[in-house]
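Below are the chains, spelled out letter by letter.
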Amino acid sequence: MNEALKSYIKLNLFLGYSIYIDEEIGELYCPKIKEINVGLIYYIYMFNKFIDLYDEDKDSFFNNITKTEDIIREFMTFVSFFKKTENIYFKFNTFYFDKNCINNKNINLFMDTIKIMHHMDKKIDDYKPANKVAEEMLKRARKLRKEMQQKIKKKDGIGFLEIMSSVCARHPSINQLNIHDLSYFQIIEQYMRLQKIDDYEVNMNALVSGTLGEEGRKKIKHYSSKIENE
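What counts, and at which threshold
Residues numbered from 1 in each chain as written. Predicted model: local features only at pLDDT ≥ 70, side-chain atom pairs only at ≥ 80, totals over all residues. Heavy atoms only, no water. Pairing = 2+ DSSP bridges. Helix = DSSP H or I, 4+ residues; strand = E, 2+ residues; numbered from the N terminus. Axes fitted to C-alpha atoms, helices over the stretch in contact; angles between N-to-C directions. Buried < 20%, exposed > 50% of the residue type's maximum accessible area, 1.4 Å probe, protein only. Polar contact = N/O pair within 3.5 Å; in protein donor to acceptor, adjacent residues only side chain to side chain. Contact = heavy atoms within 4.5 Å. Core = buried A, V, L, I, M, F, W, Y, C linked by side-chain atoms within 4.5 Å. Expected span 1.5 Å × (residues − 1). Arc of directions from axis to C-beta.

A. Layout of the sheet that holds strand β3 (residues 88–91). Spatially, the three strands line up as an open sheet ordered β3-β4-β5, and their pairing is antiparallel. With partners counted over all chains shown, the strands left at the sheet margins are β3 and β5 (100–102), one partner each. On average, adjacent strands in this sheet sit at an angle of 25° to one another, irrespective of strand direction. Both β3 and strand β4 (residues 94–97) contribute to a ladder of four bridges, which runs antiparallel.

B. The arrangement of the environment of asparagine 175 in detail. As for its position among the elements, asparagine 175 is in the loop between α7 (160–170) and α8 (184–209). Relative accessible area serves as the criterion here: at 27%, asparagine 175 is assigned to the partly exposed category. Spatially, the C-alpha atoms of asparagine 175 and serine 165 are 8.3 Å apart, while their sequence positions differ by 10 residues. A polar atom in the side chain of asparagine 175 sits 2.8 Å from the backbone nitrogen of leucine 177.

C. Structural context of the side chain of glutamate 189. Its place among the elements puts glutamate 189 in helix α8. Given the relative accessible area of 10%, glutamate 189 is considered buried. Within the structure, the side chain of glutamate 189 is placed 2.7 Å from the side chain of glutamine 190, a separation counted as a polar contact. Filtering out sequence-adjacent residues up to four positions away, glutamate 189 remains in contact with Phe14, His119 and Ile227.

D. Broad picture of the nonpolar core. With 55 residues, the main nonpolar core has Tyr43, Ile65, Phe75, Phe78, Phe110 and Met111 as its most contacted residues. Top element by residues in this core is helix α2 (residues 40–56). It accounts for nine residues. Those residues in contact with isoleucine 65 that sit more than four places away from it in its chain are Phe50, Leu53, Ile71, Ile72, Phe75, Phe95 and Ile107.

E. Representation of helix α4 (residues 69–80). Between the first and last C-alpha of α4 there are 17 Å, a value that for 12 residues agrees with the 16 Å anticipated at 1.5 Å per step. Looking only at α4, the buried set comprises Ile71, Ile72, Phe75, Met76, Phe78 and Val79. Down the axis of α4, the sector holding all buried residues measures 155°, keeping them to one side. Facing away from the buried side of α4 by over 90 degrees, the exposed positions are Glu69 and Asp70. On its buried face, α4 is in contact with α2, α3 (61–64), β3, β4, β5 and α5 (107–117).

Rendered as structure tokens:
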């Protein structure tokens, strides 16, 4: 996915607007927390499940989600989070959502967009392996990164509840009474921006006190700099 399309998606998600990335896929939106009728835990479980499955093997992803009726139904439920639709069915190896459809040709575009919605787009995803050996090395790197992330999450105990609580505690206008009006993307974005502000203030205090050092001074980035998912 090119940078212009990424910027378009992120800007619209930040503002809470819907996005239009493909004629067949149609309009997509990131639901507000209060709009997730199935419950936030199930929502998080579902996007983690399908994003993990997609990252494991993008080339086989569509085949993997069309093997059985159970996973076909799960994927249709998953897509319904991001599309306002009523008529949902699977036919001729294609998922139909009213007048729109998702198939083997546009599934990568759809899933890459879903990853951006949940701040799971990584720098490593933009790397294009030159051959099969490089591709296998990339798959191993992604597997190791995933295992490390799970260990860190388990150790630190930082989940979405802790993220929402932190945003409510620090943000000047977001609190327990209105945070449900935001989408998952917006909440994580605010959390990451608050972290950048904290890092910037710590570095500036260290710079003023003379304890940062020359190398540290060069690495200082303003808190308004671009948020990138490592």
